[in-house]
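As a plain string of letters, each chain reads:
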Amino acid sequence: MPEIILKNLTKTFGSVKAVDNLDLTIEDRDFVTLLGPSGCGKTTTLRMISGLETPTVGEIIIGGRVVFSSEKQINLSPDKRDVGLLFQNYALWPHMTVYQNISFGLENMKWSKEEIRKRVKEMGDLVKISDLLDRYPSELSGGQQQRVAIARTLAPNPKVLLMDEPLSNLDAKLRMEMRAELKRLHREIESTVVYVTHDQLEAMTLATKVCLLEEGVLQQYAPPLVIYDQPSNIFVGDFIGNPSMNFVDARVNEVDGDKATLEASEITLEMDFRSREGELKSGDEVIIGLRPEDIALNPESGANTCTIYSTLPSGMETVVRAKIRNTMFSIVAFGRVDFDVDSKMEISFPSRNYLLFDKATKKKLGAGSLKFRD
Ligand code: ATP
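Residues numbered from 1 in each chain as written. Predicted model: local features only at pLDDT ≥ 70, side-chain atom pairs only at ≥ 80, totals over all residues. Heavy atoms only, no water.

Student: Give me the lowdown on the sheet that holds strand S7 (residues 83–87), citing residues and values where you can.
Tutor: Strand order across the open sheet formed by 6 strands is S7-S8-S9-S3-S10-S11, with mixed pairing between neighbours. Each edge of the open sheet is held by one strand with a lone partner, namely S7 and strand S11 (217–222). The mean inter-strand angle of the sheet, taken between neighbouring strand axes irrespective of direction, is 15°. Seen against the sheet, helix H4 (residues 142–154) touches S7 and strand S8 (160–164) and runs at an angle of roughly 175° to S7. (Pairing = 2+ DSSP bridges. Helix = DSSP H or I, 4+ residues; strand = E, 2+ residues; numbered from the N terminus. Axes fitted to C-alpha atoms, helices over the stretch in contact; angles between N-to-C directions. Contact = heavy atoms within 4.5 Å.)

Put into structure tokens, the structure is as follows:
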């Protein structure tokens, strides 16, 4: 049962807290992505799980076995942790062919020649290197080497796979293909995966759960769509999504049961809450969060008029910037649509997914629908 539990895990380098008191349970067969900006502690967390980095304090349990405990003075070496490792620059053995690189670990595990041959073929097909099996690493491109490294890690069928940006050397098209393959593979091999990436799209599309870190501190740990729809704070809302969430500064004017009137710069909005996580009172400084696809542009009706500032049509969707009085919104309109710059449109809020954050603490206060008030 390769469940991974991290308890109060902390790593300091001199005065830098790379990972700060991290509590995390990665369930059996989860695909967890560690996501966050550069330097937030993703790689350090992964290296501590693998045994390549010694935590300052805390405990790590893999499959019911304590592999590290500062209190009990346990620290198993990487090879005793039963994990498969794949790093961005994971070196291949230069004196071995691709076939030998992939088969080497299997020979050590005493697989039969026939089983090895079959497995190397499977792996070769999977990462599209079947025609390169007789070459040496120096005869491969960077992307091909990376694919061999993926095949080598996956070949012994490890139950826990730790990966650090394994696709970052691949070109965009291959990267996309490999993402789909990795996800499919995860289903097939039934392993628990921890995967470091700074690419939010990669983190969202691959994961069963995303672990978002900032400066070593856990910000949110949830399935991708929960992270997207219910970010726990402004950092998460802003980090996830492209184009980014719109944030509008406002002051609470009036609270009436589940409704609040919000005064932004020259526009007044009313939020009807469907969930509330914090107290709200008149005079509070807040920030409204709106996803660009939750704002609609309609033919001008005379009310709630905005002016189109710029448009970026890409075929599948068009990213529009539109200004209503002092407030500029990013809007995504799906389909093959475009709008004339400087033309007037009506703006509306058809979703129920608008968010309200506390300006001081940055935490989410609630979510609900939104409409203009005169
Ligand atoms: P990136 O996306 O840039 O790879 P990351 O989120 O993986 O970043 P880490 O590599 O885990 O971040 O680093 C976290 C913090 O710890 C950073 O401030 C980094 O400078 C620091 N750090 C990491 N390794 C060491 C080290 N060996 N010695 C000193 N400081 C370190």
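Now, onward.
Student: Explain the pattern of salt bridges to me, using residue names and the numbers behind them.
Tutor: Taken as a whole and assessed by the stated rule, the structure comprises 22 salt bridges. Of the charged contacts, one joins Asp28 and Arg29 as a salt bridge, the two residues approaching to 3.9 Å between their closest N and O atoms. A relative accessible area of 42% places Arg29 in the partly exposed class. Across the pair Arg119 and Glu122 runs a salt bridge, and its minimum N-O distance is 2.8 Å. One end of the pair is Arg119 and the other is Glu122, both in helix H3 (residues 113–126) and 3 residues apart, which spans about a single turn. (Salt bridge = Lys/Arg side-chain N within 4 Å of Asp/Glu carboxyl O. Buried < 20%, exposed > 50% of the residue type's maximum accessible area, 1.4 Å probe, protein only.)

Student: Go over helix H2 (residues 98–108), please, and point to the residues and values.
Tutor: One turn of an α-helix holds 3.6 residues; hence residues three or four places apart share an orientation. Every buried residue of H2 is accounted for by Val98, Asn101, Ile102, Ser103 and Leu106. On its buried face, H2 sits against H3 and H4. Count one or two residues on from H2 and you reach Lys110, which has phi positive near 65°.

Student: Lay out unusual backbone geometry in plain terms, naming residues and giving numbers.
Tutor: Here the residue pair Asn242 and Pro243 is connected by a cis peptide bond, since its omega of 0° sits within 30 degrees of zero. With respect to the helices, strands and loops of the structure, Pro243 is situated in the loop between helix H8 (234–239) and strand S12 (246–256). Residues other than glycine seldom take positive phi values, yet Gln73 does so here, at roughly 55°. Tracing the backbone through its elements, the reader meets Gln73 in the loop between strand S5 (65–69) and strand S6 (74–75). Overall, Gln73 belongs to the exposed group, its relative accessible area being 72%. Even without a glycine there, the phi angle at Glu215 is positive, about 45°. In this fold, Glu215 is placed in the loop between strand S10 (209–214) and S11. On the accessibility criterion, Glu215 (63% relative accessible area) is exposed.

Student: Would you mind going over the sheet that holds strand S2 (residues 16–26) in detail, with residue names and values included?
Tutor: Taken in spatial order, the 5 strands line up as S2-S1-S4-S5-S6 in an open sheet, and their pairing is antiparallel. Each edge of the open sheet carries a strand with a single partner, namely S2 and S6. In this structure, S5 lies alongside S6, joined through 2 bridges in antiparallel fashion. Within S6, the position partnered with Phe68 by the bridge is Asn75. Here helix H1 (residues 42–50) sits on the sheet and contacts strand S1 (4–13), S2 and strand S4 (57–62); the angle it forms with S1, its principal contact strand, is near 120°.

Student: Explain the domain arrangement of the protein to me, using residue names and the numbers behind them.
Tutor: Looking at the assigned domains, one finds that the protein contains domain 1 (4–239) and domain 2 (246–372). Each of domain 1 and domain 2 has a C-alpha centre, and the two are 38 Å apart. Contacts between domain 1 and domain 2 engage 9 residues on the former and 11 residues on the latter. Contact between domain 1 and domain 2 buries roughly 920 Å² in total, counting both sides, with carbon and sulfur atoms accounting for 59%. The interface formed by domain 1 and domain 2 includes 0 salt bridges. Between domain 1 and domain 2 we count 5 residue pairs in polar contact (both at pLDDT 80 or more) in total. Listed by contribution, the elements that provide at least two residues to the side of domain 1 that touches domain 2 are helix H7 (224–229) and H8. In terms of residue count, the dominant contributor to the side of domain 1 that touches domain 2 is H8 (3 residues). (Domains from an automatic or database assignment. Buried area = accessible area lost by both parts, 1.4 Å probe. Polar contact = N/O pair within 3.5 Å; in protein donor to acceptor, adjacent residues only side chain to side chain.)

Student: Describe the packing of aromatic side chains, listing the residues and the values that go with them.
Tutor: Within the structure shown, the criterion is met by 7 aromatic pairs. A ring pair is formed by Trp93 and Phe104, whose centres lie 5.0 Å apart and whose planes are at 65°; its orientation type is edge-to-face. With Trp93 in the loop between S7 and H2 and Phe104 in helix H2, this residue pair connects regions lying 11 residues apart in the sequence. Residue Trp93 is classed as partly exposed on the basis of its relative accessible area of 32%. (Phe/Tyr/Trp six-rings, centres within 6.5 Å; stacked < 30°, edge-to-face > 60°.)

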